[in-house]
Amino acid sequence: MTAERLAQPAERFREAARRSLADGHRQAALDSGTERLLTGRLHAWGALDDAQGLRDRAREIRTRTIDELELHLATFTRSVEGLGGHVQVCSTPADACAYVTEVCGRADARLVAKSKSMATEEIGLNDALEAAGLRVVETDLGEYLIQLAGGHPEHIVAPAIDRTREDAAIALSAAGDRPVEPEMDQLMLAARRQLREVFRTADVGITGANFAVAETGSICLVTNEGNADLVTALPQVHVVILGMERLVPTLAELVPLVRLLGRSGTGEQLTTYTTLLTGPRREGERDGPEELHVVVLDNGRSKLRGTRYREMLNCIRCGACLNVCPIYRKTGGAAYGPVYSGPMGAVLVPLLTGLEHAPSLPHASSLCGACTDACPVGIPLHELLIDLRRDLVEQGVASRRERLALTLWSYAWSTSAGYRISTRLARLGLPLGGLAGPGRTWAAARALPRLARTRFRDRR
Amino acid sequence: MSELVDGFLANAEAAGCRTHLGAGSDLAELPTVRATYALADTGSVVFAPSAEQGRVDWLDAETLVALVPADRIVPGLDELFAAVRERMPSALTIVTGPSRTADIEQTLVVGVHGPRVLHVVVLEG
């Protein structure tokens, strides 16, 4: 199931990238969207006294927590259960979806309100719940528009980054009972009206978790819209899908992480709504869920611990690496598959789903290192991409033609005679329309350098 | 003390709130909630459920008034978490400015779900 959901075969990557590059409207939207997000981030980081110190501290907290994950998971479970909540560890998407479907069934649920969560996208939860006969409504504005119009999130933080106000007006007009003009205020009011009804009548609220605090059993959710708060205020049941790596041992250690998340994601000191939910509704309270279920999702995460890719588990899903990536800014999210995108996606997707299911993604990088510079927790993303490329060759996933080309190349250039012949051949080959054979696909998307008329070694 | 109040008011204003020192009669008719804490360094108001007010009360209104007792203003998140750690409420919501989104064309618009206008009133003494 994971493989099906996250998989991005080579031809789909190429096709999606080509379509994105040919779409001027989309290119303009991606350009301005990523530019705004990255300018906001630089501004917010510039206002910090000791940005590097905060980054080092965050990295240290993330690394240590993941090293001691069993301990913190046990503490977290004890804390949540002590408050009357339930914790269920699920190792596969199928397990997680089945558990959530069962919870909804027991609650006799018909309508599920959701707050944006990449973990639920990862496991294909909406499809599973809909297959069980439930109506599922996304309440983050961007996700709602995508759900109405069909499609997948294009960006892990700004899912509708490629859509315009005209697109939004069409979607909201069709969903409501009156036409909506493509004016920002009108769009907002229409979405507010349509989703209010969902918040009021939903039986179950589903959220992800930005972080979970072990010592208190708290789920930390951040949104600018406040939709996660509404999703967890009125429905009788709250289900959390928590990526197992998102634990933080203590409240004190949560502070640098939420500060970095707001600054790196959207350029804010603190995201507008930063909420800690600790257990279900208590005696005498007027609202909040009676029932709380936390699904701790593994789905390939625990097997990354102890490998050279373990630092990928430090990721806090801020999206900063997407906004600076010269590849993402051209291809958008679709090229990377339906869930994760940009440099973090190019590393994470092959790790979760297997290199053979996403063989193009390690190559979706110019290796410029802008992602590594932008990462608030210091993940060496471009180095991990190089490691994945090595794995592609070592595991025999790279295409036979690619391996043949590299073998011939290394063989030819290991002798001076071979090198001499290759440079002479290149001079013959170029005027004939570029590289031949396995190199042609590579050359088709690139401007090849012009060779000097006379080789340096032949000049007297 | 007054340094915290001044910092809170300035940062809340910068976050998009309408700030007031002392209750004004012109706000009397509006939906009102009481903040359990406030953060000076980000201008945030902090809400928690009680017998008197539910979670919906700080989310539902289009225009909301948050009352902040001056002695509940703490410097920032570190002090807030230190204060609540032993007795975490079932919901602790830290709100910095009005509800907003930039999901369409990355253009900031307020009030998509929560309040479009957030008044914060600091009550002294």
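The preceding data block contains the structure.
Residues numbered from 1 in each chain as written. Chains lettered and ligands numbered in written order. Predicted model: local features only at pLDDT ≥ 70, side-chain atom pairs only at ≥ 80, totals over all residues. Heavy atoms only, no water.

**As for the overall build of chain A**
Here is step 1: When you go through chain A residue by residue, the secondary structure sums to 21 helices and 10 strands.
Here is step 2: Taking 23 Å as the expected radius of gyration for a compact globule of 460 residues, we find that chain A reaches 24 Å, a close match to that expectation.
Here is step 3: Each principal axis of the C-alpha distribution contributes one length, and for chain A these read about 95 × 55 × 45 Å.
Here is step 4: Taken across its 460 residues, chain A has 57% of its residues classed as buried.
Here is step 5: Intrachain contacts of chain A at a sequence separation of at least 6 include 76% that bridge at least 24 residues.
Here is step 6: Of the roughly 19700 Å² that chain A leaves accessible, carbon and sulfur atoms contribute 53%. (Helix = DSSP H or I, 4+ residues; strand = E, 2+ residues; numbered from the N terminus. Rg over C-alpha atoms; globule rule 2.2 N^0.38 Å. Buried < 20%, exposed > 50% of the residue type's maximum accessible area, 1.4 Å probe, protein only. Contact = heavy atoms within 4.5 Å. Areas by Shrake-Rupley, 256 points an atom, 1.4 Å probe, with all protein chains shown as cover.)

**Brief notes about the overall build of chain B**
Here is step 1: A count of helices and strands for chain B gives 2 helices and 10 strands.
Here is step 2: Along chain B, helices and strands appear, N-terminal first, in the series α-β-β-β-β-β-β-α-β-β-β-β.
Here is step 3: Taken over the C-alpha trace, chain B has a radius of gyration of 14 Å; the compact-globule value for 125 residues is 14 Å, and the two agree within 12%.
Here is step 4: Dimensions of chain B, computed from C-alpha atoms along their principal axes, come out at roughly 40 × 30 × 30 Å.
Here is step 5: Classification of the 125 residues of chain B by burial places 57% in the buried group.
Here is step 6: Long-range pairs, those at least 24 residues apart, make up 71% of the contacts in chain B between residues at least 6 apart in sequence.
Here is step 7: Put simply, chain B shows about 5000 Å² of open surface, and 49% of that area lies on carbon and sulfur atoms.
Here is step 8: Charged side chains in chain B number 8 positive and 17 negative. The centres of these two groups are separated by 6 Å. (Lys, Arg positive; Asp, Glu negative; His and termini not counted. Charge placed at Lys NZ, Arg CZ, Asp CG, Glu CD.)

**Focus on the packing of aromatic side chains**
Two aromatic rings, taken as a pair, are described by how far apart their centres are and by the angle between their planes.
Here is step 1: The tally for this structure, following the rule as stated, stands at 5 aromatic pairs over all chains.
Here is step 2: Measuring from centroid to centroid gives 6.5 Å for Phe13 of chain A and Tyr336 of chain A, while their planes differ by 85°, and the two rings are edge-to-face. Of this pair, Phe13 of chain A sits in helix 2 (residues 10-22) while Tyr336 of chain A sits in the loop between helix 15 (328-331) and helix 16 (342-353), placing them 323 residues apart in sequence. The same class applies to Phe13 of chain A and to Tyr336 of chain A, which are both buried.
Here is step 3: Taken together, the aromatic side chains of Phe13, Tyr328 and Tyr336 of chain A make up a single cluster linked through ring pairs.
Here is step 4: Over the ring of Tyr37 of chain B we find Arg72 of chain B, and its NZ or CZ is 4.3 Å from the ring centre. (Phe/Tyr/Trp six-rings, centres within 6.5 Å; stacked < 30°, edge-to-face > 60°. Lys NZ or Arg CZ within 6 Å of the ring centre and 35° of its normal.)

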